[in-house]
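Fold and geometry: a report
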Amino acid sequence: MMKRELVVILEMAKLLEKPLDAPRTIQGILRLLSQLYGLNCGRVSLPEANSQSLQVKYSYGLSVDDLKAGRFNVDINQGVTGYVMRTGSIGLVPDVNDEPLFVRRITELSHHSGGRMAFIAVPILESGTPIGVLSVQREGMHERPFDEDISLLRVAAAMIGQVLRIHQFVVDQTEHLVKENQSLRHSIAVEGMLKQSLAHGILGSSPALMDAVRSTIQVAHSDAPVMLLGESGTGKEKFARMIHQQSDRREKPFICINCAAIPADLLESELFGHTKGAFTGASQNKQGKIVQADGGTLFLDEIGDMPLSLQAKLLRVLQEKKVDPIGSHDSVAVDFRVITATHVNLQASVNQGAFRLDLFYRLHVVPVHLPPLRERQEDIRQLALHFLNELNHHYERNWSLAADAFAVLEGFDWPGNIRQLQNVLERASLTSDQELIDADKLRQALASESSIAIPGNRQPQATAEVAAPGPSDNAPRQYGRSYNWVQEDEADRIRAMLSQTNNNQSEAARRLNISLRQLRYRVDKLGIGRN
Ligand SMILES: Nc1ncnc2c1ncn2[C@@H]1O[C@H](COP(=O)(O)OP(=O)(O)OP(=O)(O)O)[C@@H](O)[C@H]1O
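Calculation criteria
- Residues numbered from 1 in each chain as written.
- Predicted model: local features only at pLDDT ≥ 70, side-chain atom pairs only at ≥ 80, totals over all residues.
- Helix = DSSP H or I, 4+ residues; strand = E, 2+ residues; numbered from the N terminus.
- Buried ≥ 20, exposed ≤ 12 C-beta atoms within 10 Å, placed from the backbone.
- Core = buried A, V, L, I, M, F, W, Y, C linked by C-beta atoms within 7 Å.
- Contact = placed C-beta atoms within 7 Å.
- Near = placed C-beta within 6 Å.
- Nonpolar A, V, L, I, M, F, W, Y, C, P; charged D, E, K, R; others polar.
- Axes fitted to C-alpha atoms, helices over the stretch in contact; angles between N-to-C directions.
- Parallel < 35°, antiparallel > 145°, perpendicular 65-115°, else oblique.
- Left-handed = near helix turned anticlockwise from the far one by under 90°.
- Pairing = 2+ DSSP bridges.
- Expected span 1.5 Å × (residues − 1).
- Arc of directions from axis to C-beta.
- pLDDT = per-residue confidence, 0-100.

Here the focus is the overall build of the protein chain. A tally of helices and strands in the protein chain yields 20 helices and 17 strands. Looking at the protein chain as a whole, 34% of its 531 residues are labelled buried.

Right, let's get into the nonpolar core. Grouped together as the largest cluster of nonpolar side chains are 43 residues, with contacts concentrated most on Leu-228, Phe-239, Ile-290 and Leu-298. Those residues in contact with Leu-228 that sit more than four places away from it in its chain are Lys-236, Phe-239, Ala-240, Ile-339, Ala-341, Val-368 and Leu-370. In this structure, Leu-32, Cys-41, Val-84 and Leu-164 belong to the second largest nonpolar core, which totals 39 residues.

Let's shift gears to the site of the ligand. Taken together, 18 residues sit near the ligand, with Leu-203, Ser-232, Gly-235, Lys-236 and Glu-237 positioned nearest. Split by residue class, the shell around the ligand holds four nonpolar, nine polar and five charged.

Attention shifts here to the packing of helix α1 (residues 4–17) against helix α2 (residues 22–37). At a minimum axis distance of 10 Å, the contact between α1 and α2 shows a crossing angle of 160 degrees. In this view, α1 runs roughly antiparallel relative to α2, as classed from their interaxial angle. Relative to α2, the crossing made by α1 is right-handed. Between α1 and α2, the residues in contact are Arg-4, Val-7, Val-8, Glu-11, Met-12, Leu-15 and Leu-16 and Thr-25, Gly-28, Ile-29, Leu-32, Leu-33, Leu-36 and Tyr-37, respectively. Across the contact of α1 with α2, the residue classes tally to ten nonpolar, two polar and two charged.

What follows concerns the sheet that holds strand β1 (residues 40–47). With antiparallel pairing, the six strands of this open sheet are ordered in space as β3-β2-β1-β6-β5-β4. Of all strands in the sheet, those bounded by a partner on one side alone are β3 (74–75) and β4 (91–93). Packing of helix α6 (residues 146–199) onto the sheet brings it into contact with β1, β4, β5 (117–126) and β6 (129–139), and relative to β5 it is tilted by some 40 degrees.

This part takes up the environment of Asp-492. In this fold, Asp-492 is placed in helix α18 (residues 490–500). On the neighbour-count criterion, Asp-492 (11 C-beta atoms within 10 Å) is exposed. Taking the C-alpha atoms as reference points, Asp-492 and Leu-526, 34 residues apart in sequence, are found 9.8 Å from one another.

Of note, the phi angle at Glu-302 is positive, near 50 degrees, even though the residue is not glycine. Mapping Glu-302 onto the fold places it in the loop between β11 (297–301) and α11 (308–320). With phi around 50 degrees, Trp-414 is a residue other than glycine that occupies positive phi space.

This part is about the sheet that holds strand β8 (residues 254–258). Backbone hydrogen bonds hold the strands of a sheet together, and the pairing may be parallel or antiparallel. Within the open sheet, the five strands sit side by side as β8-β11-β14-β7-β15. Their pairing is parallel. Among the strands making up the open sheet, the edge pair consists of β8 and β15 (366–369). Each adjacent strand pair in this sheet contributes to an overall mean axis angle of 20 degrees, direction not counted. One ladder, built from four bridges, connects strand β7 (residues 226–229) with strand β14 (residues 337–342); its direction is parallel. Residue pairing for β14: Val-226 is matched across the bridge by Ile-339.

Contact pair helix α7 (residues 207–220) / helix α8 (residues 236–246): the axes reach a minimum separation of 9 Å and the direction vectors enclose 35 degrees. Here α7 runs over α8; the crossing is right-handed. Judged by residue contacts, Ala-212, Thr-216, Ile-217 and Ala-220 of α7 engage Phe-239, Met-242, Ile-243 and Gln-246 from α8. When grouped by side-chain class, the residues that make up the contact of α7 with α8 number six nonpolar, two polar and no charged.

A separate point is the pairing of β11. Of all five residues in β11, five are buried; the element is thus mostly enclosed. Burial along β11 is two-sided: the residues Thr-297, Phe-299 and Asp-301 and Leu-298 and Leu-300 are all buried. As paired elements, β8 and β11 share five bridges and run parallel to each other. Directly across from Phe-254, in β11, lies its bridge partner Thr-297. Bridging between β11 and β14 involves four bridges; their strand directions are parallel. When the bridges of β14 are listed, Leu-300 appears paired with Thr-340.

Attention now moves to the pairing of β7. Residues Val-226 and Leu-228 point to one face of β7 and Met-227 and Leu-229 to the other, with burial holding for every one of them. By the bridge criterion, four bridges tie β7 to β15 in an arrangement that is parallel. Within β15, the residue paired with Val-226 across the bridge is Val-366.

Here we take up helix α14 (residues 380–395). Helix length check: α14 (16 residues) gives 22 Å between terminal C-alpha atoms against 22 Å at 1.5 Å per residue, within 8%. All buried positions along α14 are accounted for by Ile-380, Ala-384 and Leu-388. Buried residues of α14, viewed axially, fall in a sector of 60 degrees; they line one side. The exposed residues of α14 that point more than 90 degrees off its buried face are Asn-389 and His-393. Taken together, the buried residues of α14 touch β16 (400–401), α15 (405–411) and α16 (417–430). Just downstream of α14, Glu-396 is the residue with a positive phi angle, here 50 degrees.

As for its placement among the helices and strands, Leu-363 is situated in helix α13 (residues 357–363). Discounting residues that sit within four places of it in the chain, Leu-363 has contacts with Pro-225, Met-227, Ile-303, Val-338 and Thr-340.

The subject of this paragraph is the confidence of the model for the protein chain. For the protein chain, per-residue confidence averages 85 on the pLDDT scale, and 88% of positions sit at 70 or higher. In the predicted assembly, ipTM is 0.97 and pTM is 0.60.

A few words on the environment of His-200. Tracing the backbone shows His-200 in the loop between α6 and α7. For His-200, a count of 17 C-beta atoms within 10 Å corresponds to the partly exposed category. For the pair His-200 and Lys-238, spaced 38 residues apart in sequence, the C-alpha separation works out to 7.7 Å. Contacts of His-200, omitting those with residues within four sequence positions, involve Lys-238, Arg-241, Met-242 and Gln-245.

So, in structure tokens, the structure goes:
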């Protein structure tokens, strides 16, 4: 006849043949120990992450409520279980009633009748190091020596260790696959966005640009009014066109009007149209841009420059979906999607009374921030190569950029953003004696840029040096910041800042209000740190 231990081991081995289910397998092992061998209340205690506690993770014959309340959990520095976990030795208490150090609550909780009870704990090892503890209780008098119990428990602990290892491996792999899947989905999403933006001639893949692309693509199919916020030359019109092309209105007109480019007295008739004889000079009926946009999209650029009187009229059109051309008594029904753009802070204009709050709410449903070029320097190389390619096609030339040219482009501030980059490349190319445009050539082209100012590229509250005009300002427009070209006298300021910040370039750049790349460029150009 087979020895009883052998029977238990064979039964336990059968459990391992089944498909992996760690809780069921371990509980099965504990059940066999109890039912076939009288080793009861088996439990597997595992250390809790970032704590000193050993938690019962699997058990057989213990009260669910007690387990839930964590009443069998022990401190790693406490009791027999803690000792086994710390030392990797066997823990044997032949009679818990005679052992004053034994954690009494364990027997109390497991409804000990008061007779003799032994407690045995063996380590679950991985490469000789304890990763948990298997413990059981043996009640009443047995003839069987404890050695036999311990041998069997060692085999059970080895099996449990194996199950835990495989389980952990599967958990890790699954986690890894889930993460990989997520990052794959993310790249596919970014890839998808890149494709869409490229299809509309929007180049760049910086996170700041992708945020803007994501926001616009998300709402393109709806009729929600989008407000594009960004400095001059950041691509507001390009984005407006992309929204239109991506919308169900793409087959209908995209009508664009720049409220800042048209004198206030002409803007009304441009937008709303007029009838013949409505005012002096109105020699015939004129259809306004709003009616032209019927069925399609109306893009109102520089909306902040719209006079208050026209704002009221535009609000009415948006509310009633009807236009009253100047001089006409008949309203014309219109259905269009409105997209607006501004480089000024419209909220500030509302506070100053220069822009109507109700109109602001109507238009500012989906604000999209278009990042200035200096906040997405990683896109400059791609843009520069693209524009140079366009120039080569246009002028039938073969210009190229020298390796050192990119650093110059990336170190510049670009107050005029992408449009300015286009212009600088064109000037540098056309004035170059050779086809290879190097850093010096670009510096020359940029130096002549410094005398040009870019209208209101800074938002009014952003800096004291710029006061962006309100829409009703008759005063000449204030200009944005001047170009930040590297100047000799900057060296002392940069040196002082670097010394104040213990050479922390990021912090120095932040305090100097320039980007890290710009700081590094200046450090290099001015030879700071070389002497
Ligand atoms: N992401 C981009 N990729 C390629 N070209 C771009 C991108 N963004 C803008 N451009 C180009 O830069 C120039 C300026 O763009 P756009 O007119 O759309 O800017 P804007 O913000 O509307 O400028 P403004 O406020 O001065 O009217 C255009 O020639 C446009 O084609």
